[in-house]
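Residue strings, one per chain:
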Amino acid sequence: DGGITQSPKYLFRKEGQNVTLSCEQNLNHDAMYWYRQDPGQGLRLIYYSQIVNDFQKGDIAEGYSVSREKKESFPLTVTSAQKNPTAFYLCASSPWTSGRAGGNEQYFGPGTRLTVT
Amino acid sequence: AQSVTQLDSHVSVSEGTPVLLRCNYSSSYSPSLFWYVQHPNKGLQLLLKYTSAATLVKGINGFEAEFKKSETSFHLTKPSAHMSDAAEYFCVVSDGQAGTALIFGKGTTLSVSS
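Residues numbered from 1 in each chain as written. Chains lettered and ligands numbered in written order. Predicted model: local features only at pLDDT ≥ 70, side-chain atom pairs only at ≥ 80, totals over all residues. Heavy atoms only, no water.

Draft legend 1. A look at the nonpolar core. Ranked by internal contacts, the top residues of the largest apolar core, which has 26 residues, are Trp35, Leu48, Phe74, Leu76 and Tyr89 of chain B. No other element matches strand E10 (residues 87-94) of chain B, which puts four residues into this core. Once you skip the residues sitting within four places of it in the chain, Phe74 of chain B turns out to touch Cys23, Leu33, Phe34, Trp35, Leu48, Tyr50, Val57, Ala65, Glu66 and Phe67 of chain B. Residues Leu11, Tyr64, Leu76 and Tyr89 of chain A belong to the second largest nonpolar core, which totals 19 residues. (Core = buried A, V, L, I, M, F, W, Y, C linked by side-chain atoms within 4.5 Å. Buried < 20%, exposed > 50% of the residue type's maximum accessible area, 1.4 Å probe, protein only. Helix = DSSP H or I, 4+ residues; strand = E, 2+ residues; numbered from the N terminus. Contact = heavy atoms within 4.5 Å.)

The following block contains the structure:
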């Protein structure tokens, strides 16, 4: 079964602790993304990676870090510097297509709900 | 710069009546446009996409959307709502280049009553 898995589904942490969210895909996609979702705000891009060992900041990267050591994996670390980390986090991936034929459709995982108290 | 505006934050319909979710976009390029659906505490599922082929795009579960360049709109419609359509819907724009990020609207919550 091809797809994107995120674990865990629910995560609880104390304020001041770093926490790492897992994202794995077996779709053989080159590009991977992390989004944050808050009620009424849509999805906002945290980081994205187009190829292994390379990644770029999105619109709200402060307080987050990522790595891309393998094509299949793109873990996100929420650091203690993130001022408001409680949110729903979504990972996505997309194939690399030449030109614009692919339309950049992205495939999403089921999400991880992080609660920090 | 690209942006997308979903004109209604909440739409309520009765089962069996038509659905219209409105979306306007702004893009410097000839854009790719998408509609995604999200059920509570789930990931996003692609409903349909426009990538400069036919302007009327048919998607899954009976949804369709029409790309109107003159109006910069990409409204989502369905002739007859079903209870299972109740969810949040996102209109999304992209410049279509592979590996670049999508720009999401803030979402429209669709409620369906019996």
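Draft legend 2. Representation of the pattern of salt bridges. Throughout the structure, instances matching the rule amount to seven salt bridges over all chains. Note that Asp8 of chain B is salt-bridged to Arg22 of chain B, the shortest N-O span being 3.0 Å. A residue pair is termed long-range when its members are at least 10 positions apart, and Asp8 of chain B in the loop between strand E1 (3-6) and strand E2 (10-14) and Arg22 of chain B in the loop between strand E3 (19-21) and strand E4 (23-26) qualify at 14 residues. What you see here is one network of salt bridges that share partners, running through Arg36, Asp38 and Arg44 of chain A. (Salt bridge = Lys/Arg side-chain N within 4 Å of Asp/Glu carboxyl O.)

Draft legend 3. Quick peek at the pairing of strand E9 (residues 73-78) of chain B. All names here are of chain B. Relative to E9, E3 is paired through three bridges, and the arrangement is antiparallel. Looking at the pairing, Leu21 lines up with Leu76 of E9. Here strand E8 (residues 64-68) runs beside E9; their pairing, made up of five bridges, is antiparallel. What sits directly across from Glu64, in E9, is Thr77. (Pairing = 2+ DSSP bridges.)

Draft legend 4. The arrangement of the sheet that holds strand E1 (residues 4-7) of chain A in detail. Residues and elements named next belong to chain A. Pairing within the open sheet is antiparallel, and its four strands lie in the order E1-E3-E8-E7. The outermost strands of the open sheet, each flanked by one partner alone, are E1 and strand E7 (64-66). Neighbouring strand axes in the sheet, compared pairwise and without regard to direction, differ in orientation by 20° on average. Sheet analysis places strand E3 (residues 19-25) next to strand E8 (residues 76-78), joined by three bridges and oriented antiparallel. What sits directly across from Leu21, in E8, is Leu76. (Axes fitted to C-alpha atoms, helices over the stretch in contact; angles between N-to-C directions.)

Draft legend 5. Just the state of the cysteines, in detail. By the definition in use, this model includes two disulfides over all chains. Disulfide pairing is shown between Cys23 of chain A and Cys91 of chain A; the S-S distance is 1.9 Å. One quick way to see it: the torsion about the S-S bond of Cys23 of chain A and Cys91 of chain A is about -75°, and its sign makes the bridge left-handed. Of this pair, Cys23 of chain A sits in strand E3 while Cys91 of chain A is found in strand E9 (residues 87-94), placing the two residues 68 residues apart along the sequence. For Cys23 of chain A, a relative accessible area of 1% puts it in the buried group. Judged by its relative accessible area of 0%, Cys91 of chain A falls in the buried class. Shown here is the disulfide that connects Cys23 of chain B with Cys91 of chain B, its sulfur atoms set 1.9 Å apart. The sign of the -70° torsion about the S-S bond sets the Cys23 of chain B-Cys91 of chain B disulfide as left-handed. (Disulfide = S-S within 2.5 Å.)

Draft legend 6. Molecular detail of unusual backbone geometry. All names here are of chain A. Cis geometry is adopted by the peptide bond preceding Pro8, which originates at Ser7 and carries an omega value of -10°. Here Pro8 lies in the loop between E1 and strand E2 (10-13). Even without being glycine, Asn28 reaches a positive phi, approximately 60°. With respect to the secondary-structure elements, Asn28 resides in the loop between E3 and strand E4 (31-37).

Draft legend 7. Highlighting the environment of Pro85 of chain A. Residue and element names in this part refer to chain A. For Pro85, the location among the structural elements is in the loop between E8 and E9. Given a relative accessible area of 12%, Pro85 falls into the buried group. When the C-alpha atoms of Pro85 and Arg13 are compared, they prove to be 9.9 Å apart, with 72 residues separating the residues in sequence. Look past the residues within four positions of Pro85 in its chain and what remains in contact with it is Arg36, Val78, Leu114 and Val116.

Draft legend 8. The pairing of strand E6 (residues 54-57) of chain A, seen in detail. Residues and elements named next belong to chain A. Summarising the sheet, strand E5 (residues 43-51) and E6 pair through three bridges and their orientation is antiparallel. Paired with Tyr48 across the two strands is Gln56, which belongs to E6. What sits between the antiparallel neighbours E5 and E6 is a turn of two residues, in which Asn53 has the positive phi angle 65°.

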